Amino acid sequence: MAAHRPVEWVQAVVSRFDEQLPIKTGQQNTHTKVSTEHNKECLINISKYKFSLVISGLTTILKNVNNMRIFGEAAEKNLYLSQLIILDTLEKCLAGQPKDTMRLDETMLVKQLLPEICHFLHTCREGNQHAAELRNSASGVLFSLSCNNFNAVFSRISTRLQELTVCSEDNIDVHDIELLQYINVDCAKLKRLLKETAFKFKALKKVAQLAVINSLEKAFWNWVENYPDEFTKLYQIPQTDMAECAEKLFDLVDGFAESTKRKAAVWPLQIILLILCPEIIQDISKDVVDENNMNKKLFLDSLRKALAGHGGSRQLTESAAIACVKLCKASTYINWEDNSVIFLLVQSMVVDLKNLLFNPSKPFSRGSQPADVDLMIDCLVSCFRISPHNNQHFKICLAQNSPSTFHYVLVNSLHRIITNSALDWWPKIDAVYCHSVELRNMFGETLHKAVQGCGTHPAIRMAPSLTFKEKVTSLKFKEKPTDLETRSYKYLLLSMVKLIHADPKLLLCNPRKQGPETQGSTAELITGLVQLVPQSHMPEIAQEAMEALLVLHQLDSIDLWNPDAPVETFWEISSQMLFYICKKLTSHQMLSSTEILKWLREILICRNKFLLKNKQADRSSCHLLFLYGVGCDVPASGNTTQMSMDHEEILRTCTSGTSLRKGKGNSSMDSAAGCSGTPPICRQAQTKLEVALYMFLWSPDTEAVLVAMSCFRHLCEEADIRCGVDEVSVHNFLPNYNTFMEFASVSNMMSTGRAALQKRVMALLRRIEHPTAGNTEAWEDTHAKWEQATKLILNYPKAKMEDGQATESLHKTIVKRRMSHVSGGGSIDLSDTDSLQEWINMTGFLCALGGVCLQQRSSSGLATYSPPMGPVSERKGSMISVMSSEGNPDTPVSKFMDRLLSLMVCNHEKVGLQIRTNVKDLVGLELSPALYPMLFNKLKNTISKFFDSQGQVLLTDTNTQFVEQTIAIMKNLLDNHTEGSSEHLGQASIETMMLNLVRYVRVLGNMVHAIQIKTKLCQLVEVMMARRDDLSFCQEMKFRNKMVEYLTDWVMGTSNQAADDDVKCLTRDLDQASMEAVVSLLAGLPLQPEEGDGVELMEAKSQLFLKYFTLFMNLLNDCSEVEDENAQTGGRKRGMSRRLASLRHCTVLAMSNLLNANVDSGLMHSIGLGYHKDLQTRATFMEVLTKILQQGTEFDTLAETVLADRFERLVELVTMMGDQGELPIAMALANVVPCSQWDELARVLVTLFDSRHLLYQLLWNMFSKEVELADSMQTLFRGNSLASKIMTFCFKVYGATYLQKLLDPLLRIVITSSDWQHVSFEVDPTRLEPSESLEENQRNLLQMTEKFFHAIISSSSEFPPQLRSVCHCLYQATCHSLLTKATVKEKKENKKSVVSQRFPQNSIGAVGSAMFLRFINPAIVSPYEAGILDKKPPPRIERGLKLMSKILQSIANHVLFTKEEHMRPFNDFVKSNFDLARRFFLDIASDCPTSDTVNHSLSFISDGNVLALHRLLWNNQEKIGQYLSSNRDHKAVGRRPFDKMATLLAYLGPPEHKPVADTHWSSLNLTSSKFEEFMTRHQVHEKEEFKALKTLSIFYQAGTSKAGNPIFYYVARRVSL
């Protein structure tokens, strides 16, 4: 279109520009601002090629906008903004006007555009707050217009001058003459203007003459300031024609100045006209002056006289001051080398001028303060440029007791010196650096007075004026009009902040000051600026303060903060600033928070540049970067150091400790030492920054969210820089680095909308893995705001207001503060969608990030499951109790979840539906997986309250609504495969909740809504079974059987007699959903009848199978009948036919799954269908049979050995070992069995694991856990724990023969030998007989002990291999535990030698101590009970054996006697045998025999042990499931072992049902181990006869006799004759 129809295309672009102006679209937002800027750029570029079309279009738009009628403050602001946009676009288009513009275009511009521009220059109301900005913008348009169209503008001016020469006195309009002030003037144009005015000046009336005088002066300055080179050249090469025009006009003006008043009016122009005549100035400086120039000399003399106060009139003195300032200002544009005469002229007046203008005791004033200020600024700047080192007037202005006007003038003068340096010979600002201290003091005092509102000097009267438009009229402070003093200090403060922005070095310079003082002054300066950022009543100062702080963070500025220690100073001051700003952002005390966040992003970029520069410049010193972060963590929100952060406190923090930081060396030590105390401000700042960025993620302002996300990139860049220097992982600095980078990458993408962006944000929040002080505090702060907003929403409206007006919206309050996204107001307006959207965003944020906060709470004391391997009173807290899935009800996360669940049934009349819908979606789709267990338990507890104490349903609308919401949430949650969900789904069981849901829904009836809820619940069950592997079931088979029982009751079939077709369809949908759920439930489900019905297990299963099979067959018949009816009726019944076909398919699948899992009990009922007379029935049976064959049904369950095979598989499951050596089922069983059954469990486990050659693995797991729980080595295996019982059983079974061979000869010698017949061993003096000798008894005891001890340590070769495995396992487990229990201090100090040195002694000591305590000493003390002797030894021998066991135990424990005085004499013997005992223990524990070399004496597993295992597993099945769900490693083990175990137990049934008729055996004690002991003692397992007999499998053991002996059964049919 642009190529073929350019006019139409340009018009279309102009129209789009017009349509998107604020006056048409309303208040601008980020999107409309960007669009408007784009339109402007587009028009500016087009104007280079289609200039006339664009200018004409813009002129028309401007005219239409000017003619609009507006009402209200908002419309007036939009009009003003639209006018500014149009004028700015016009100015830029005109500035780029092509040189080949036709004359016709010039005429058009003058005819159309010029009148509109004059409208702004002449008719803007003085009372309009926007008048100055509009006039300034219009003057810019006129200036650009006159650059290439001067003739047209000049013609208008000339024409008006001509008209004024003949007009009457009463009707004079001089507006067109005033255009001279704004046009572009070069040397040639100025000559034309001078000629024209000189030609017509005399004929003009007085008013017109004064207008010409005032306008020509400003035209002159336009020329000088825009073309300074031309003016400079005038003094190098004088131009006669220019001088002639100027001289002529000077004489005319001089003639006009007849009175004092007229002289005062014309003197400023006369001095300018004189300046245009260099030769005349040269002439009048001589003693003899040409007669034609005498009037010029007299003019200068009058000027000097008036300036000195001798003019006789204050008016002339003021005019002389103005003229002299003009002279000084013009002289600065002349090189001193070109004309020194004018400088002599200046020097003759400047002293009097400065005395007049800068007299603190008598301030200069003409009644118009802005003009006075401008005059003083011009004077001060000119004097500096003329003589930069003569700064006496600077000192006057800097003085603390000088008027605030002087301060204002000085600051603005310095700003002009910095920003305006067009000529090479103008001095730079460096000459003023020596006054930095005084300027900083002025800044501090001004800041204090402006903020506190107290002043000590007369206020500056800042009325809008043309000469002060940039400085004053744009300020719109929200203050009382009478508070002039405060206002004047605010103006001064704004100027000072601009000065810092222009040249930060001016206030950073610290000549001849030490590092700490420099840092202190820098901190004071930056702190002051930081304080200004959140000042809501001074928005323009706040914006300028941000710009100044950004400049202060540039590389060259940061180096000046403290040159002695730049890095530490940077960290302290910049971090303090960051902390303060972020704290204000998070507390939402900021104006335009989105803009501040953008500024903060720029600050972060500058910080990273500084870090990178220091990293590259000096790597050796960069370790200082990390003294303020690594290893110095900050507590969570509640414990973070809170700072009020006023000016003094910020300053105190920034400068604290600087007295020690005179160099990098000292600072590194001091800073490092400081890390052990209060967390450094650097880490606090990073935490606060994280909090701020997190909390902006839930802002309803999309731009704020994207900016916050982009800021995460700079956090990551900082971490990259810091870790690159210190060569540590980036995650040390930023634990969630990877997710932060994802946030940053998303911020660059174009979002499809606010909802899509929030969804992406929540997905990333769920990926936050590590709890930090930042995300925890952000969550808690957001939660507090969410609670407040929730209360406001639920209480809205508290009361109806008059005229239907509601209270002011939260978000409208926010908008007024430019999107601080605060839910902190006291009211809310739900008609404002952003308010509710903000609440929704907060809810999603809390849901997605809540898991990390929960993890942070639990990680403070990381609890692991502690198995109950000791007395109940001594057990440590288990995972099930410590890490309850429901969580502490007092934690914020738990409170949030409770409140969220209550909102699931919110019935607010206005937004109840929205809240319920959003809560359902957010909990179901966005909740952090770590919160799933808590959610499940809270849902379970809530739903359990819907039943009374008798189990009856409490049916209410609210309860029903909650149930329906729960079903939807659970379905969403299980359907949504969120990353990490599999890990957390199984940490809490949902069985009880699901059963209660079904129980509640069952009683809802058959109304439409009830049918819909039932259908949804069935769909939930199907989804639940699809996620079965991820979920946790404590009694899965029982649960699934119950669910099948309930859901099959909902299958209506032909019993549905509803008349309404829609209800029929819903019912069929319910049938379909029910059957699909039943299909998933029946997959691999062995039927499990209710216990205690008195019916034999197989019979009960058979009856249950028949019930379901009959139901399914009836349903199939119903489907067939209805299909026949539908085939006859046709038409709209076809949809029903499709439903029935699907229902029939599901029914066949259900029958297949039912028969597949229950062939043993169901085949007898189903096989007859294959011979049924009905063809359809036979076909159905064949279909079912085909499917179960395709599913791989195991028909071996029909074999006679099925029960034995199932018991065998049960043993395999219990002894199953994971990839890491773990024993999931066995250890779970060990942790849940009551202590009263530990003896039986120990026997069963040892027997089963040894038969599988896995005894070592069992011992390793049990011993490791025992050692882990032991408080010290002295308490190891001393308690009555399961591990101790397993060890004792091993010693008893495997060590009986060894003890018999070792101790029997020794004991018989002591008992029967004549040498020991009358020997006494009593060594306790209190128990000695009178005839006994203590020393002799001690020798006797020592002799016997030595004999026994040496026999024991010499028997290592005879030590049983199984016991070697036990000792080796204990040795290794103890070593491993000691390593893991090494103190943090030892690890940090790398004290590896200390740890390794104590391993062998402590570990092997544990082996010896346990072996003597549990094995050898009990046999020595009680040889008869141990089966070594046939009768008890005599009492004196028993006493000796007991005392000997004490000595042997001391040797094994590696300790001496201290408490028992009578045993102390044996300490030498004990100590001398430490090494011998240690070598013996090492010998029996160092090497572990391979499983092939060990004789597995217990490879024969008795039925008693298997039945005991069955009983233990059955009775503790639910506890095992809970244990595994809370402790299992999903990736390593998973839930499959438990599922298999549950399935096997379901097939086997309760322990009461035995494979033989004598079911009363279950009540007998099956813990007898005498048979195993007999087999072991006589080594029957090694004999060939036993091995041959065992292979025949003709015996099995079951139960015991009345005497407690095992009973064996002979299976005659297995004997082959």
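Structure shown above.
For clarity, every value in this text was computed on a predicted model and none was experimentally measured.

Describing the overall build of the protein
Part 1 of the reasoning: The helix and strand tally for the protein stands at 71 helices and two strands.
Part 2 of the reasoning: Residues classed as buried in the protein amount to 54% of the 1617 residues present.
Part 3 of the reasoning: For the protein, the proportion of contacts with a sequence separation of at least 24, taken over those separated by at least 6, is 77%.

A short note on a nonpolar patch on the surface
Part 1 of the reasoning: Where nonpolar side chains cluster on the molecular surface, the patch consists of Leu 1589, Leu 1592, Phe 1595, Phe 1608 and Tyr 1610 and spans about 490 Å² of accessible area.
Part 2 of the reasoning: Elements with a contribution of two residues or more to the nonpolar patch: helix 71 (1584-1592) and strand 2 (1606-1610).
Part 3 of the reasoning: Within the fold, Phe 1595 resides in strand 1 (residues 1595-1600).
Part 4 of the reasoning: Given the relative accessible area of 42%, Phe 1595 is considered partly exposed.

Section: the packing of aromatic side chains
Part 1 of the reasoning: Taken as a whole, this structure holds 30 aromatic pairs when the rule is applied.
Part 2 of the reasoning: Judged by centre distance (4.5 Å) and plane angle (35°), the ring pair of Phe 712 and Phe 740 falls under tilted. In this pair, Phe 712 is assigned in helix 33 (residues 702-726) and Phe 740 in helix 35 (residues 737-747), connecting sequence segments 28 residues apart. The exposure classification of Phe 712 matches that of Phe 740, with both residues buried.
Part 3 of the reasoning: A cation over a ring is seen here: Arg 192 above Phe 154, with NZ or CZ 4.4 Å from the ring centre.
Part 4 of the reasoning: In this arrangement the basic side chain of Arg 999 is found over the ring face of Phe 947, its NZ or CZ atom lying 4.1 Å from the centre.

Notes on the environment of Ile 1428
Part 1 of the reasoning: Of note, Ile 1428 is situated in the loop between helix 63 (1392-1421) and helix 64 (1435-1453).
Part 2 of the reasoning: Since its relative accessible area comes to 3%, Ile 1428 is described here as buried.
Part 3 of the reasoning: Along the primary structure Ile 1428 and Pro 1305 are separated by 123 residues, whereas in three dimensions their C-alpha atoms are 9.8 Å apart.

Overview of the pattern of salt bridges
Part 1 of the reasoning: For the structure on display, the rule yields 39 salt bridges.
Part 2 of the reasoning: The partner of Glu 703 in a salt bridge is Lys 598, with the nearest N and O atoms 2.3 Å apart. In this pair, Glu 703 sits in helix 33 while Lys 598 sits in helix 29 (residues 593-617), placing the two residues 105 residues apart along the sequence.
Part 3 of the reasoning: Glu 703 sits in the buried class, given a relative accessible area of 14%.
Part 4 of the reasoning: Glu 926 serves as the salt-bridge partner of Arg 766, at 2.4 Å between the closest nitrogen and oxygen. Linking Arg 766 in helix 36 (residues 754-766) with Glu 926 in the loop between helix 42 (912-925) and helix 43 (932-944), this pair joins segments that are 160 residues apart in sequence. Each member of the pair, Arg 766 as well as Glu 926, is classed as buried.

A short note on the nonpolar core
Part 1 of the reasoning: Counting 347 residues, the largest nonpolar core has Phe 231 and Met 1024 as its most contacted members.
Part 2 of the reasoning: A per-element tally of this core places helix 33 first, with twelve residues.
Part 3 of the reasoning: Setting aside anything within four residues of it in sequence, one finds Met 1024 in contact with Leu 974, Ile 990, Met 994, Leu 1031, Phe 1033, Phe 1039 and Leu 1081.
Part 4 of the reasoning: Core analysis: the second largest hydrophobic core is formed by 102 residues, Leu 1210, Ile 1225, Val 1232 and Ala 1419 among them.

Observations concerning helix 46 (residues 991-1002)
Part 1 of the reasoning: Here helix 46 contains twelve residues, and its C-alpha end-to-end distance of 17 Å stays within 8% of the 16 Å for a straight helix at 1.5 Å per residue.
Part 2 of the reasoning: Among the residues making up helix 46, those that are buried are Glu 991, Met 993, Met 994, Asn 996, Leu 997, Val 998, Tyr 1000 and Val 1001.

A short note on unusual backbone geometry
Residues apart from glycine generally show negative phi values, whereas peptide bonds are mostly found in trans.
Part 1 of the reasoning: Of note in the backbone geometry, His 1454 takes a positive phi value of approximately 65° without being a glycine.
Part 2 of the reasoning: Positionally, His 1454 belongs in the loop between helix 64 and helix 65 (1467-1472).
Part 3 of the reasoning: Looking at His 1454, the relative accessible area reads 31%, which means it is partly exposed.

Some points on the packing of helix 16 (residues 314-331) against helix 17 (residues 341-357)
Part 1 of the reasoning: Across the interface, helix 16 lies against helix 17 with an axial gap of 9 Å and an inter-helix angle of 135°. With respect to their mutual orientation, helix 16 and helix 17 come out oblique. For the element pair helix 16 and helix 17, the recorded crossing hand is left-handed. Between helix 16, through Thr 317, Ala 321, Cys 324, Val 325, Leu 327, Cys 328 and Ser 331, and helix 17, the contact on the second element is made entirely by Ile 342, Phe 343, Leu 345, Val 346, Met 349, Val 350, Leu 353, Leu 356 and Leu 357.
Part 2 of the reasoning: Its residues placed into classes, the contact of helix 16 with helix 17 shows 14 nonpolar, two polar and no charged.

The rules behind these values
Residues numbered from 1 in each chain as written. Predicted model: local features only at pLDDT ≥ 70, side-chain atom pairs only at ≥ 80, totals over all residues. Heavy atoms only, no water. Helix = DSSP H or I, 4+ residues; strand = E, 2+ residues; numbered from the N terminus. Buried < 20%, exposed > 50% of the residue type's maximum accessible area, 1.4 Å probe, protein only. Contact = heavy atoms within 4.5 Å. Patch = residues over 30% accessible without salt bridge, like charges linked within 9 Å, V, L, I, M, F, W, Y side chains within 5 Å. Areas by Shrake-Rupley, 256 points an atom, 1.4 Å probe, with all protein chains shown as cover. Salt bridge = Lys/Arg side-chain N within 4 Å of Asp/Glu carboxyl O. Phe/Tyr/Trp six-rings, centres within 6.5 Å; stacked < 30°, edge-to-face > 60°. Lys NZ or Arg CZ within 6 Å of the ring centre and 35° of its normal. Core = buried A, V, L, I, M, F, W, Y, C linked by side-chain atoms within 4.5 Å. Expected span 1.5 Å × (residues − 1). Axes fitted to C-alpha atoms, helices over the stretch in contact; angles between N-to-C directions. Parallel < 35°, antiparallel > 145°, perpendicular 65-115°, else oblique. Left-handed = near helix turned anticlockwise from the far one by under 90°. Nonpolar A, V, L, I, M, F, W, Y, C, P; charged D, E, K, R; others polar.

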